[in-house]
Amino acid sequence: MLIFNTQNELVSHLTSISNEATSIGFVPTMGALHEGHLSLLKEALLHNPVVVISIFVNPTQFNNADDLAKYPRTLEADVAKIKTVSDTIVVYAPSVDDIYEGKTVSEHFDFDGLEHQMEGQFRPGHFDGVGTIVKRLFEIVKPTNAYFGEKDFQQLQIVKKMVAKLKLPVKVIGCPIFREPNGLAMSSRNERLTTEERAEAAIIFKTLSEAKIRFHVQSAEEVTEFVTEIFQKTTPFELEYFTIADEETLLPCTTKNNTKKYRAFIAVFVNNVRLIDTISLN
Ligand code: PAF
């Protein structure tokens, strides 16, 4: 399996195989890979003769230094997991310097307001960091198709918006959330939970599923009250936000409109670990 640590090596490899690389599928990740990431790779392999995965913990998208320091870095285990999918996958695992070339700062983006909702409210600068790294990786890898998980639905919409606004030549494809048997959305952050916390975190998806049922007959406000009460009663879980929003604009739903698609979004702290999840409501 080919593993490159510098963009020069990666680009020269991709150039050397440009005849057979009729399309490049790309899966950007921050490592600590789980089944969800592997499902993105499998989807990419179905549709592209060449598949590239990047493994890079991007410092500019962390608004919390502790979160960045504690983010799991497990390159060797990640490579072993990628091999179980296919050893033809090309790995790009750069250093901060290789990406940022001595200037580790974000570009500023206007995502037509998508960046101000939910994660944007609680993680200032986060989406400028995501936009910066995804744009940079797209420039280096030049993918035909790029695959993102729907767990980070706001990120997916923001990347689609960036691609449309900057007219980048790549198709962004959203893929379904992978869940543990108890419903917990797979996330690299789950590795920081104790066995007990991981089991108890089933409450997040259970509550989202109940919210979906209620949304058929209740207002967004009533459903939000229900979810807030659940988390007030459930220690050690602390609700950061629960929002029902329009899937396209990400604006909160005030009055239901039958022509719109709605989605519930949640962020919860379990002790110091922050987990997010989402569910389509109609
Ligand atoms: O979703 C992630 O893992 C990251 O935000 C991404 C897209 C790899 C950018 O660093």
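Coordinates for the structure precede this section.
These remarks concern the structure in this document. All values reported here derive from a predicted model rather than from experimental measurement.

## Focus: the sheet that holds strand β7 (residues 237-246)
Strand order in the open sheet formed by three strands is β7-β8-β9, and the pairing between neighbours is antiparallel. Looking at strand neighbours, the two that pair on one side only are β7 and β9 (273-280), the edges of this open sheet. Averaged over all pairs of adjacent strands, the angle between their axes in this sheet comes to 15°, without regard to strand direction. The sheet contact formed by β7 and strand β8 (residues 262-270) spans nine bridges and is antiparallel. Residue pairing for β8: glutamate 238 is matched across the bridge by phenylalanine 269. Relative to β7, helix α11 (residues 220-233) is tilted by about 165°, and along the sheet it contacts β7 and β8.

## A word on a negative patch on the surface
On the surface, Glu221, Glu222, Glu225 and Glu229 cluster together to form a negatively charged patch. Mapping glutamate 222 onto the fold places it in helix α11.

## Brief notes about the pairing of β9
For β9, the buried fraction is high: eight of the eight residues fall into the buried class. Side chains Val273, Leu275, Asp277 and Ile279 project from β9 onto one buried face, and the interleaved Arg274, Ile276, Thr278 and Ser280 project onto a second face that is buried too. Where β8 meets β9, eight bridges bridge the pair, whose relative direction is antiparallel. Residue valine 270 lies in a different strand from β9, and its bridge partner there is valine 273.

## Looking at the nonpolar core
Ranked by internal contacts, the top residues of the largest apolar core, which has 42 residues, are Leu10, Leu14, Val52, Ile99, Val134, Phe138 and Phe148. With eight residues, the single largest contributor to this core is helix α7 (residues 126-141). Core analysis: the next-biggest nonpolar cluster, separate from the first, contains 27 residues, Ala201, Ile204, Leu208 and Leu275 among them.

## As for helix α4 (residues 75-85)
Along α4, the residues that are buried comprise Asp78, Val79 and Ile82. One side of α4 holds all its buried residues, which, seen down the axis, span an arc of 100°. Residues of α4 that are exposed and point more than 90 degrees away from the buried face comprise Glu76 and Thr84. Contact partners of the buried residues in α4: β1 (3-4), α2 (35-47), β3 (50-55) and β4 (90-92).

## Brief notes about the sheet that holds β1
Pairing within the open sheet is parallel, and its six strands lie in the order β1-β4-β3-β2-β5-β6. In this open sheet, the two edge strands, each paired with only one partner strand, are β1 and β6 (171-175). Examined bridge by bridge, β3 and β4 share three bridges and lie parallel to one another. For serine 54, the partnering residue across the bridge sits in β4 and is tyrosine 92. Packing of α4 onto the sheet brings it into contact with β1, β3 and β4, and relative to β3 it is tilted by some 160°. Taken strand by strand, α7 contacts β2 (24-29), β3, β4 and β5 (145-149), and its axis lies near 150° from that of β2.

## Notes on the packing of helix α1 (residues 7-16) against α7
In the contact formed by α1 and α7, the axes pass within 9 Å of each other and the chain directions differ by 45°. It follows from the interaxial angle that α1 and α7 lie oblique. Packed against α1, whose contacting residues are Gln7, Leu10, Val11 and Leu14, the element α7 presents Arg136, Ile140 and Val141 at the interface. Here the residues of the contact of α1 with α7 sort into five nonpolar, one polar and one charged.

## With respect to the site of the ligand
Every residue lining the ligand is accounted for by Pro28, Thr29, Met30, Asn58, Gln61, Ile133, Phe148 and Gln155. In the model, an oxygen atom of the ligand is placed 2.7 Å from a nitrogen or oxygen of the glutamine 155 side chain. Here the ligand loses 89% of its free accessible area of 290 Å² to cover by the protein chains.

## Focus on unusual backbone geometry
Most peptide bonds take the trans configuration, and most residues that are not glycine carry a negative phi. Of the consecutive residues threonine 235 and proline 236, the connecting peptide bond is found in the cis state with omega at 0°. The phi torsion at glutamate 101 lies on the positive side, around 50°, for a residue other than glycine. At leucine 250, a residue that is not glycine, the phi angle is positive and equals roughly 65°.

Parameters and conventions
- Residues numbered from 1 in each chain as written.
- Predicted model: local features only at pLDDT ≥ 70, side-chain atom pairs only at ≥ 80, totals over all residues.
- Heavy atoms only, no water.
- Pairing = 2+ DSSP bridges.
- Helix = DSSP H or I, 4+ residues; strand = E, 2+ residues; numbered from the N terminus.
- Axes fitted to C-alpha atoms, helices over the stretch in contact; angles between N-to-C directions.
- Contact = heavy atoms within 4.5 Å.
- Patch = residues over 30% accessible without salt bridge, like charges linked within 9 Å, V, L, I, M, F, W, Y side chains within 5 Å.
- Areas by Shrake-Rupley, 256 points an atom, 1.4 Å probe, with all protein chains shown as cover.
- Salt bridge = Lys/Arg side-chain N within 4 Å of Asp/Glu carboxyl O.
- Lys, Arg positive; Asp, Glu negative; His and termini not counted.
- Charge placed at Lys NZ, Arg CZ, Asp CG, Glu CD.
- Buried < 20%, exposed > 50% of the residue type's maximum accessible area, 1.4 Å probe, protein only.
- Core = buried A, V, L, I, M, F, W, Y, C linked by side-chain atoms within 4.5 Å.
- Arc of directions from axis to C-beta.
- Parallel < 35°, antiparallel > 145°, perpendicular 65-115°, else oblique.
- Nonpolar A, V, L, I, M, F, W, Y, C, P; charged D, E, K, R; others polar.
- Near = heavy atom within 4 Å.
- Polar contact = N/O pair within 3.5 Å; in protein donor to acceptor, adjacent residues only side chain to side chain.

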